[in-house]
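# Understanding the architecture of this molecule
Okay, here's what each chain looks like letter by letter:
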Amino acid sequence: MTPYTVNIKLAARTLTGTLNLQNKTAVDWGWQGLIAQGCHSSILIIDPKTSQTIQVLERHKANVVKVKWCRENYHHNLSAPYSLRLASADAAGKIIVWDVVSGTAHCEIQEHTKPIQDMDWLWTQDASRDLLLAIHPPNYIVLWNGDTGTKLWKKSYAENILSFSFDPFDPSNLALLTSEGIVFISDFSHAKAPGSGGKKVYIASPHASPAHTKPVPAAAPAPTGAKKALNKVKVLITNEKPTTEAVTLNADCLQLSYLPSKRNHMLLLYPREILILDLELSQTVGVVAIERSGVPFIQVIPCAQRDALFCLHENGCITLRVCRSTTAPDESVVVSDPEQSVQELVYDLRSQCDAIRVTKTVRPYRMVICPVNENNAALAVSDGRVMLWELKAHTAKPTVNPSSGLSPLYSPVAFCGSPLGLNQKKIQDLSLNTMIGQNLVLGADPPPDSPQQEVQLKFLLTGLLSGLPLPPFALRMCPPLTTKNINHYQPLLAVGTSNGSILVYNLTSGLLHKDLSVHSCEVKGIEWVSLTSFLSFATSTPNNAGLVRNELQHVHLPTGRCFAFRGERGNDEQAIEMMKVSHLKQYLVVVFKDKPLELWDVRTGTLLREMAKNFPTVTALEWSPSHNLKSLKKKQMLAREAMARQTTLSDTEQSSVESSVISLLQDAESKSEGGGQAISAREHFVFTDTDGQVYHITVEGNTVKDGARIPPDGSMGSIACIAWKGDTLVLGDVDGNLNFWDLKARLSRGIPTHRGWVKKIRFAPGKGNQKLLVMYTDGAEVWDTKEVNMVSSLRIGRNVNYRILDIDWCTSDKVVLASDDGCIRVLEMAMKSASYRMDEQDLTDPVWCPYLLLPRAALTLKAFLLLQPWSGTFTMDISQVDYIEKDEIKGLIQEQLNSMSNDMKSVLQDPELNLLQRCLLVSRLFGDESDLQFWTVAAHYLQSFAQARQLSVTVPEGQSPPDSLRATPQGHLDICHDTLCESFYFQRFQLERVHLQEVKRTSYEHTKKCADQLLLLGQTDRAVQLLLETSAENPSYYCDSLKACLVTTITSSGPSQSTIKLVATNMIANGKLAEGVQLLCLIDKAADACRYLQTYGEWNRAAWLAKVRLNPVESSDVLKRWAEHLCSPQVNQKSKAILVLLSLGCFHKVGEMLHSMRYFDRAALFIEACLKYGSPHKLIGAAFVDYARLLRTLGLREGAALWASRAGDTGEQLLEELFQGEEVVPVELLEEEEAKEGLENVE
């Protein structure tokens, strides 16, 4: 009979533990919906929805210090698919760009050997989505192509650079936080390195660092909270080099970030406060300070969807602060106390989560928030835990007396950009902007009849991942898989830890199966006695006499029951050095340090023999695999048959039964106490003493016999370990020699490995498998004992940077290693630490992540969700659709659909969900940044223009609807869309902002800038007041006074206008652009001013001015020119241009552009939406046919037929191709179409 081995499939994987201090900043949450986290030199990929680790990337040699997911702000198609790309940087200066699904490195980048300080992907994605900017210490910034690993440019700066932040509104702006201050770069581009050294600013404080308030004289009353904050806000930003005191102030600065929620604002984080700066004035406009007894900040993440901050404190508490709405100051207050009227941006604490218990080894490291929805946060803790918090909105009863003084938060009326239908299903907590409405930002109370609800926010812990505790570990894999146990086998690995608990992991899923608290001190060894129970021992630290407390416990896994195996023994004795269980799990040998060994019966838990005092000291011991169980069972069978025969024989024949059989029978019966179960087979073990002599001892029942002794081998040192399998016996010594004995041929071979002390040797499981795993102090090796050669080797410093603490085999071809970086790795026999393919993984919970699918399948899944209903029915079963594809891929797509939450499924199958809402929801589900931005702006303006049309106000295409129509239920676009917002709202925001700047100004420079802004905004009276404030000592006193006179006396008479215009054009021609523009604005020639600004390349400034000063017709001219400029090849920001055109209502042009850029899916769906909102489009045929062709390449034949049939004449040819094999086009398709077209015509 040929022996066959069944091998249970185990994926190679890494179980990770505590983090290194260098991993502190290495965590990132990507648009793809996954979290990446550095743990020593590995990177974990975590799915936050099911809180499981789905991939571990191993290739770095040093600790990982930064990880960054690639952005998803580009249009996805087959050539630019949904893919998981991640950049990681380590402490040795290496950057690796990963393809996460396959676990392979896309490219590797190395410039210097110091830790990378910071890195990020460029976000202007029209040019290239592969560009990665990194800080190489001490003072270089380098731009890399992350696809090929080539360096595009490198630039050095005067100071050490700590971190950087991109301006989310303008790709040419970059701010560097350096050891001395901040450097602003305004000419950043991927084409060439920044030309100048940037504008340096220093953070100085007039009298004290913001962390300490001025000492108050004893007599004066203690300042209130508001006054305290006031003292702190007088922090200037200067261009002069500051005093030493101020330098220390900058050294405290933990972080700098642009605010993604409004343009030209930045936050600086200090341990005890957050400063909000307005960069146009370089002035602090808000401060979030912590009381003296409060817990300091570690990190802050500003949100984009609302003006809110997620803050992480030193006790692991995450707080959410939302900006309070600004209101006009009350005039009466100003007179009584000028300090009271100081206004600033106030961020109110709206929610906080529980803190963690901080100890020496447990402290919070970093928090990340979900960039798609901004309502989930994950906290990475130093002990390897990841805590997943979700922000929930609860409808609250309106409070009668708001004691907290906070204005209420309201939930928005719209869902996914459209007003909610009557019976429409919605997901309340979909994202931050569906939880909190906008009117908080504007400071107006909601109209009393509005259906808005007051909400309160709460954090909820929705997931927790925990890692391994601190090393050292003791490993033992459960007994191997055999033909007998194949039905109920689980590959369990027992891990003994330093705190006395034993963790049992299931290696199929990599999840913790049981965590048992067994011992009170460090676990030293584990031996399994069956598939469901094991013995473990632990020894306490020795006392003065060198004695310890030994604990030897028997643990039954299914129930978790533990009992002390040696009973009362164990207090104040010599330490246990090892224990070995025999092959048949009958006997146990316990070896002590300076005390003879003990022999126990495992089944009954009785002590068989305690060896005599003169017994030799054991250095290594191993049980023999040979035993006489088979012969015993054979004898028993014979005896049974004889007995059966004996009862049937007649009395006369009985005497002739041979006496030998009876004696054999009695012999067997005496051995098998209690039936055939407890046969005591004979087993042997060998051990060596300090001289290297090999002893052979036989155990049978309770008899112990001493066998042959073999004299020591002269070439070997002191024997450290023995392993025995089949006819091969291997000895390892403290000098690194291995001795292979072939017992059958009676040969021995000694091989010096020159690796030092052989710590452990273990044979692989499986019949005839003679592989041997050897552990040294500096690594491990696998040997083939048949051929006596080395198969693979692992050595610290050469191919890994961790020390091996323990080893074992987990299957016949995979090993498991515990290492001092706190990880346990399951590796192939070659011991190359490799990442695994994610699609081969056996996950316990299905993960929603379309990025894991093949590019084609991901796009099919997206189309399947977008084009509901299919043949009139809403379905989440892809098999109901005419879809030509391999069943395997269909199955994977169906798994993705099944893994969606029930809420999401019911909303997607809700007939009330309109096309725009569906597009927005699906782009959120896919984490598609570019789609999300496009559909947010498109949905808003399609609806607002349609509404203007309903109210029979004709709005020519290319202009904004008049301001009277602004009270749409969905309000206005959020200010994070900047110049895409409606003009009226943009104006109000700018006026509020200038008012705040005015209150905050502290120097002549600030006053001058405020006056300039007021003039551009048309607030001439206020500007004159500011100009007249200039003191007589100031060199520009005369100039400002004249300017004030000019502003007040401007009349619209012809001559003065033409003179001023002439002066203005001369100024502009001579390089005084800003001054010329101001003069033109004074005489209401802002349109000319915009044109000059555009001529001189100040496109953003021109757009700003058009928004705040021009009437809709002129403004739309300026913005259209801007859109053309954005489309030009040297700028190449067509996606931005499309958004600008959407805000102007140029839907025709947008449809054409989308189609010419080959964004067929987006173009067809957008044109469809235009038709639904009553803007006809001449591109219908072409766009629909191209979309139908795209659907055909994806295999969605039914969808292709539907879109082709809607394209009119152009689609007929494609329809014929689709149904070539079949005689007729499905009739219902055509009928449905005719009905639809009829309806549309009626509309």
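Residues numbered from 1 in each chain as written. Predicted model: local features only at pLDDT ≥ 70, side-chain atom pairs only at ≥ 80, totals over all residues. Heavy atoms only, no water.

## Things to note about the overall build of the protein chain
Helix and strand counts for the protein chain stand at 29 helices and 60 strands. Out of the 1243 residues in the protein chain, the part that is buried amounts to 55%. Nonlocal contacts in the protein chain, meaning residues at least 24 apart in sequence, comprise 56% of its contacts between residues at least 6 apart. (Helix = DSSP H or I, 4+ residues; strand = E, 2+ residues; numbered from the N terminus. Buried < 20%, exposed > 50% of the residue type's maximum accessible area, 1.4 Å probe, protein only. Contact = heavy atoms within 4.5 Å.)

## Digging into the packing of aromatic side chains
Within the structure shown, the criterion is met by 24 aromatic pairs. Plain terms: the ring middles of Phe164 and Phe166 are 5.5 Å apart, the flat faces sit at 70 degrees to each other, and that makes the pair edge-to-face. An identical accessibility class is assigned to Phe164 and Phe166; each is buried. Each ring, one from Phe166 and one from Phe188, has its centre 5.5 Å from the other, and the planes form 65 degrees; the classification is edge-to-face. (Phe/Tyr/Trp six-rings, centres within 6.5 Å; stacked < 30°, edge-to-face > 60°.)

## A closer look at the sheet that holds strand β42 (residues 576-581)
Across the sheet, 4 strands lie side by side as β42-β43-β44-β45; this open sheet has antiparallel pairing. Edge positions in the open sheet fall to β42 and β45 (606-610), since each of these has one partner strand only. Taking the axes of each pair of neighbouring strands and ignoring which way they run, one obtains an average angle of 20 degrees across the sheet. Relative to strand β43 (residues 587-592), β42 runs antiparallel, the two sharing 5 bridges. (Pairing = 2+ DSSP bridges. Axes fitted to C-alpha atoms, helices over the stretch in contact; angles between N-to-C directions.)

## Focus on the environment of His190
Residue position: His190 is located in the loop between β16 (182-185) and β17 (199-204). Classification of His190 by relative accessible area gives partly exposed; the value is 37%. Residues His190 and Ser172, 18 residues apart in the sequence, show an inter-C-alpha distance of 9.2 Å.

## Points about helix α21 (residues 1099-1109)
Judged by how many residues are buried, α21 sits mostly within the fold: 8 of 11 residues are covered. For α21, the set of buried residues is Trp1099, Ala1102, Ala1103, Trp1104, Leu1105, Ala1106, Lys1107 and Val1108. Lining the buried residues of α21 we find α14 (983-1000), α15 (1004-1017), α19 (1073-1082), α20 (1086-1095) and α22 (1112-1127).

## Describing the sheet that holds strand β1 (residues 13-15)
Pairing within the open sheet is antiparallel, and its 4 strands lie in the order β1-β60-β59-β58. With one partner strand each, in any of the chains shown, β1 and β58 (804-811) form the two edges of the open sheet. Along the sheet, successive strands turn relative to each other by an average axial angle of 20 degrees, direction set aside. Across 5 bridges, strand β59 (residues 814-819) lies against strand β60 (residues 824-828) in antiparallel orientation. Bridge pairing links Val816 to Val826 in β60.

## Section: the packing of helix α9 (residues 855-866) against helix α12 (residues 915-926)
Between two packed helices, the angle of one axis relative to the other and the distance separating the axes together describe the packing. Contact geometry of α9 with α12 gives a least axis separation of 10 Å together with a crossing angle of 150 degrees. For the element pair α9 / α12, the angle class is roughly antiparallel. Two packed elements cross with a definite hand, and for α9 against α12 that hand is right-handed. Residues Ala858, Leu861, Lys862, Leu865 and Leu866 of α9 form the contact with α12, whose participating residues are Arg918, Cys919, Val922, Leu925 and Phe926. Taken together, the residues of the contact of α9 with α12 break down into 8 nonpolar, no polar and 2 charged. (Parallel < 35°, antiparallel > 145°, perpendicular 65-115°, else oblique. Left-handed = near helix turned anticlockwise from the far one by under 90°. Nonpolar A, V, L, I, M, F, W, Y, C, P; charged D, E, K, R; others polar.)

## What to know about the pairing of strand β41 (residues 561-564)
Remark: a regular strand shows side chains that alternate across the two faces of the sheet. Looking at chain direction, strand β40 (residues 550-556) and β41 are connected through 4 bridges and run antiparallel. Pairing of Val555 across the sheet is with Cys562, part of β41. The hairpin formed by β40 and β41 contains 4 residues between the paired strands, and Gly560 there has a positive phi angle of roughly 80 degrees.

## What about unusual backbone geometry?
Each neighbour pair has its own omega, and for Pro471 with Pro472 the value is 5 degrees, a cis peptide bond. Checked against the element boundaries, Pro472 lands in the loop between β33 (454-465) and β34 (474-477). With an omega of -5 degrees, the peptide bond running from Gln868 to Pro869 counts as cis. Inspection of the secondary structure puts Pro869 in the loop between α9 and α10 (887-898).

## Description of the environment of Gln438
Considering the arrangement of structural elements, one finds Gln438 in the loop between α4 (432-435) and α5 (439-442). Classification of Gln438 by relative accessible area gives buried; the value is 17%. On a C-alpha basis, the gap between Gln438 and Leu973 in space is 9.3 Å, while along the polypeptide they are 535 residues apart.

## Details of the packing of α15 against α19
Contact geometry for α15 and α19: axes closest at 8 Å, N-to-C directions at 40 degrees. It follows that α15 is oblique to α19 by the angle criterion. As for the relative orientation of α15 and α19, their crossing is left-handed in sense. Contacts between α15 and α19 involve Asp1012, Leu1015 and Leu1016 from the first element and Val1077, Gln1078, Cys1081 and Leu1082 from the second. Among the residues making up the contact of α15 with α19, the classes are represented as 5 nonpolar, 1 polar and 1 charged.

## Concerning the pattern of salt bridges
Enumeration over the complete set of coordinates arrives at 57 salt bridges. Between Asp383 and Arg385 there is a salt bridge, with its nearest N and O atoms 3.0 Å apart. The partner of Asp429 in a salt bridge is Lys392, with the nearest N and O atoms 3.8 Å apart. Placement of Asp429 in the loop between β32 (418-419) and α4 and of Lys392 in strand β29 (residues 386-395) is noted, with a sequence separation of 37 residues between them. One continuous salt-bridge network, built from bridges that share partners, spans Arg566, Arg569, Glu573, Lys595, Glu598 and Glu610. (Salt bridge = Lys/Arg side-chain N within 4 Å of Asp/Glu carboxyl O.)

## Some remarks on empty space enclosed by the protein
A probe matching the size of a water molecule, rolled over the atoms, marks out where space remains unfilled. For the structure on display, the rule yields 4 cavities of 30 Å³ or more. Along its surface, the second largest cavity is lined by Lys862, Leu866, Cys919, Val922, Ser923, Asp931, Trp935, Asp1161, Arg1162 and Leu1165. Those elements that place two or more of their residues in the lining of the second largest cavity are α9, α12, α13 (929-950) and α25 (1160-1172). Within the lining of the second largest cavity, the residues separate by chemical class into 5 nonpolar, 1 polar and 4 charged. (1 Å grid on protein atoms, 1.4 Å probe; cavity = no way out; pocket = protein on both sides within 12 Å on 5 of 7 lines; lining within 4 Å. Points joined across faces, edges and corners; volume = space filled by probe spheres on them.)

## Quick word on α19
Within α19, 8 of the 10 residues are buried, which leaves the element mostly enclosed by the surrounding structure. Within α19, burial applies to Leu1073, Gly1076, Val1077, Gln1078, Leu1079, Leu1080, Cys1081 and Leu1082. Its buried side turned inward, α19 meets α15, α16 (1020-1027), α17 (1037-1049), α18 (1054-1069), α20 and α21. Of the residues trailing α19, Asp1084 is marked for its positive phi of about 60 degrees.

By themselves, these are just geometric observations and shouldn't be taken as functional.
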